[in-house]
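Fold and contact review
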Amino acid sequence: MHGLKRRWMLGSLWLVVMIVLIAVTAYSMAAANYYTSNVQSGMESRARATANFFSGYANNSYSEYFRSAEQFAQEFADRDKLELQFINISGRVEVSTMGVPVGILPQTEDIAAAFKSAQVESFTGVDPLSGERVLSVSAPLLFGNNQTVGVMRYVTSLQRVDRQILMSTLTALLIGLVVTMFVVLSNLFFIRSIVTPLGEITEIAKKIAGGSYGARIEKKFNDEIGERTDTINNMSAEISLAEKMKSDFISSVSHELRTPLTAIAGWGETLLSADMRDVDEVKKGVRIMLKEANRLTKMVEELLDFTRMESGRMTFQMEEMDPRAELEEVVFLYMDTLARDGILLTYDDDGDIPPVIGDRARLRQVFLNILDNAAKHGSEGKRIEVSVFLDGGQVVVRVRDHGPGIAPDELPHVKLKFYKGASKSRGSGIGLAVSDEIIRRHDGHLDIDSTLGDGTTVTIRLPAHLTA
């Protein structure tokens, strides 16, 4: 037994053992007191009645008392259980049912106490003469004007009582042992119901750590173990998804880097081998090379922003700014480019947009990324609508395309890093994740709504900086 099972058993067993020992000890003490007090009270009652009999019946003379005592001793029926003694005023035995030599001086405390108090007194303990544990009861014998002339004494061995107490104690110990074994077995059963599922969870966790992403544990309990199972299963699923997205990301980035590099290298070779007097051809090649270089630059900037975001080093220059001015500049920058591709870009604002506290460059980056996504994924709709307005103390920027939209099962994941879903469009899959983080750092919200076949709407909400 080791680990959690050993700790559990040691932690619970010592407490059970202590409780059992205390219970057995208390029961033994109560049993001893019960048996001893019962014997003592019975002997005291009997001694009191017998002493009263002798005090009244043998009140004529000492000789008559002595003859009565001898006769009573001879006819005493319980001599196998009790010893009856008549003790004179000097504390010596005159008559005994057990053949104790006459004149012997018993040394238990009850005799002297009975002479002194003129009441029934008792003693429990070891007899100094026999060395045996005894219970003795002494009752004073009164004559005439309540003068104590002797003591009638009952003595019994406590051997039977001690045996009964021992049997009761052993019975209590046996019951305590049974209870302890029951607790041990129930603890073993209970701890197994915990340790076994934990072992399964540990094994699956090791498999996940070893690269078996997506491994799952069968949920058998609806308690804390079940919660841990759900947590591990969710973690495994998330890691599996993250691993897949990472692989897709590497593949996508590799492809995205290869395409512009191929174009740049191809046109570089073409320009080197072409007739340099063909100015139009040279300009066309240079434009393509610049366009692809800009694509590479944008991808590198996204990757750099992503690494800064992951490490918490993304910096912001926050100041009061006009969000409409930045948005309009991005819109008009894209308008001609999209028009050449046959896409109509419309822009609308309500004319009364308050400033916000933000980073101009970062918000411009978000607007560019959202419009770029709309152009890539919604180009089939041939129309993109951009608007900005004030709504309840928030500046709202809305970009809507009329493309194919996003599937409902993909929509919750589109803002996750590396996620591209079923889209075949170019891109690294981290632009929305970076944009969402930028808006969040501006205390705003970036929401995406989409209907399959009816386009996608991206809504950005930023707290307005309203001055009194």
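Quick look at the structure, then. (Residues numbered from 1 in each chain as written. Predicted model: local features only at pLDDT ≥ 70, side-chain atom pairs only at ≥ 80, totals over all residues. Heavy atoms only, no water.)

Our focus in this paragraph is the overall build of the protein chain. Along the protein chain, the regular secondary structure elements total nine helices and 12 strands. Buried positions account for 37% of the 468 residues belonging to the protein chain. Considering only intrachain contacts with a sequence separation of at least 6, the fraction spanning at least 24 residues in the protein chain is 63%. By element, 56% of the accessible surface of the protein chain is carried by carbon and sulfur atoms, the whole surface being about 26,700 Å². (Helix = DSSP H or I, 4+ residues; strand = E, 2+ residues; numbered from the N terminus. Buried < 20%, exposed > 50% of the residue type's maximum accessible area, 1.4 Å probe, protein only. Contact = heavy atoms within 4.5 Å. Areas by Shrake-Rupley, 256 points an atom, 1.4 Å probe, with all protein chains shown as cover.)

What follows is about the layout of surface pockets. Left-over empty space is what a probe sized like a water molecule reveals as it rolls over the atoms. What the second largest pocket holds in volume is close to 680 Å³. Lining the second largest pocket we find 28 residues, and of these Lys 81, Leu 82, Val 155, Thr 156 and Ser 157 sit closest to its centre. When contributions to the lining of the second largest pocket are tallied by element, the ones reaching two or more residues are helix H1 (3–57), strand S1 (83–88), strand S5 (147–157) and helix H4 (159–209). Its residues assigned to classes, the lining of the second largest pocket shows 12 nonpolar, seven polar and nine charged. (1 Å grid on protein atoms, 1.4 Å probe; cavity = no way out; pocket = protein on both sides within 12 Å on 5 of 7 lines; lining within 4 Å. Points joined across faces, edges and corners; volume = space filled by probe spheres on them. Nonpolar A, V, L, I, M, F, W, Y, C, P; charged D, E, K, R; others polar.)

Attention now moves to the packing of aromatic side chains. Considering all chains together, one arrives at four aromatic pairs under this definition. On the numbers, 5.4 Å between centres and 70° between planes, the contact of Tyr 34 with Tyr 35 is edge-to-face. What makes Tyr 34 partly exposed here is its relative accessible area of 48%. Judged by relative accessible area, which is 25%, Tyr 35 ranks as partly exposed. Their ring planes at 40° and their centres at 6.3 Å tell us that Phe 72 and Phe 76 sit as a pair that is tilted. Feature note: the residues Phe 72, Phe 76 and Tyr 154 constitute an aromatic cluster, connected by ring pairs. One residue, Arg 362, lies across the ring of Phe 316, its end atom 5.7 Å from the ring centre. (Phe/Tyr/Trp six-rings, centres within 6.5 Å; stacked < 30°, edge-to-face > 60°. Lys NZ or Arg CZ within 6 Å of the ring centre and 35° of its normal.)

Whenever strands of a sheet pair, they do so through backbone hydrogen bonds, lying parallel or antiparallel. The strand order S7-S9-S10-S12-S11 describes an open sheet built from five strands, whose pairing is mixed. Since the sheet does not close on itself, it has two edges, and those belong to strand S7 (344–349) and strand S11 (445–451), each with one partner. In this sheet, adjacent strand axes meet at a mean angle of 15° when their direction is disregarded. As paired strands, S7 and strand S9 (residues 383–391) are joined by six bridges and run parallel to one another. (Pairing = 2+ DSSP bridges. Axes fitted to C-alpha atoms, helices over the stretch in contact; angles between N-to-C directions.)

For Glu 292, the position within the fold is in helix H6 (residues 279–311). Classification of Glu 292 as buried rests on a relative accessible area of 10%. With near-sequence residues (within four places) excluded, Glu 292 lies in contact with Pro 260, Ala 263 and Ile 264.

This part is about unusual backbone geometry. In this structure, Ala 118 is a non-glycine residue whose phi angle is positive, near 60°. Within the secondary structure, Ala 118 sits in the loop between helix H3 (109–117) and strand S3 (121–126).

For the coordinates displayed, the defined rule picks out 15 salt bridges. The partner of Asp 349 in a salt bridge is Arg 324, with the nearest N and O atoms 3.4 Å apart. You can see Asp 349 sitting in strand S7 and its partner Arg 324 sitting in helix H7 (residues 323–340), a full 25 residues away along the chain. Taking the shortest distance from any N to any O, the salt bridge between Arg 360 and Glu 326 comes out at 3.7 Å. On the criterion of sequence distance, the pair formed by Arg 360 in helix H8 (residues 360–377) and Glu 326 in helix H7 is long-range, its members being 34 residues apart. Looking at Arg 360, the relative accessible area reads 34%, which means it is partly exposed. Linked by salt bridges that have partners in common, Glu 319, Glu 326, Glu 329, Arg 360 and Arg 364 make up one network. (Salt bridge = Lys/Arg side-chain N within 4 Å of Asp/Glu carboxyl O.)

Let's shift gears to the packing of H7 against H8. Where H7 contacts H8, the axes come no closer than 10 Å and their chain directions differ by 35°. Crossing hand, H7 versus H8: right-handed. Contacts from Pro 323, Glu 326, Leu 327, Glu 329, Val 330, Val 331, Leu 333, Tyr 334 and Leu 338 of H7 reach H8 at Arg 360, Arg 364, Phe 367, Leu 368, Leu 371, Asp 372 and Ala 375. Residues that form the contact of H7 with H8 fall into these classes: 11 nonpolar, no polar and five charged. (Left-handed = near helix turned anticlockwise from the far one by under 90°.)

Residue classification places Glu 326 among the buried residues on the basis of a relative accessible area of 10%. Sequence-distant contacts of Glu 326, defined by excluding residues within four places in its chain, comprise Met 321, Arg 360, Arg 364 and Phe 367.

Counting residues in hydrophobic clusters, the biggest one holds 39 residues, and the most contacted among them are Leu 345, Ile 370, Leu 371, Ile 384, Val 386 and Ile 460. Secondary-structure elements contributing two or more residues to this core are H7, H8, S9, strand S10 (394–401), helix H9 (431–441), S11 and strand S12 (455–463). Counting residues per element, this core draws most heavily on H8, which supplies seven residues. With sequence-adjacent residues up to four places away left out, Leu 345 is seen in contact with Val 331, Tyr 334, Met 335, Leu 338, Leu 371, Ile 384 and Val 386. Judged by nonpolar contacts, the second largest core, of 23 residues, contains Ala 73, Phe 86, Leu 158 and Val 161. (Core = buried A, V, L, I, M, F, W, Y, C linked by side-chain atoms within 4.5 Å.)

Turning our attention to the pairing of strand S4 (residues 133–143). The two faces of the sheet receive side chains in turn, since in a regular strand these alternate between them. In terms of burial, S4 is a largely internal element, nine of the 11 residues being buried. Of the strand pairs in this sheet, S3 and S4 are connected by six bridges, and their pairing is antiparallel. Paired with Ser 122 across the two strands is Val 137, which belongs to S4. Counting the residues in the hairpin turn of S3 and S4 gives six residues, including Gly 131, whose phi is positive at 75°. Two strands pair when backbone bridges link them, and S4 and S5 are joined in this way by 10 bridges, in the antiparallel orientation. Residue pairing for S5: Leu 142 is matched across the bridge by Thr 148.

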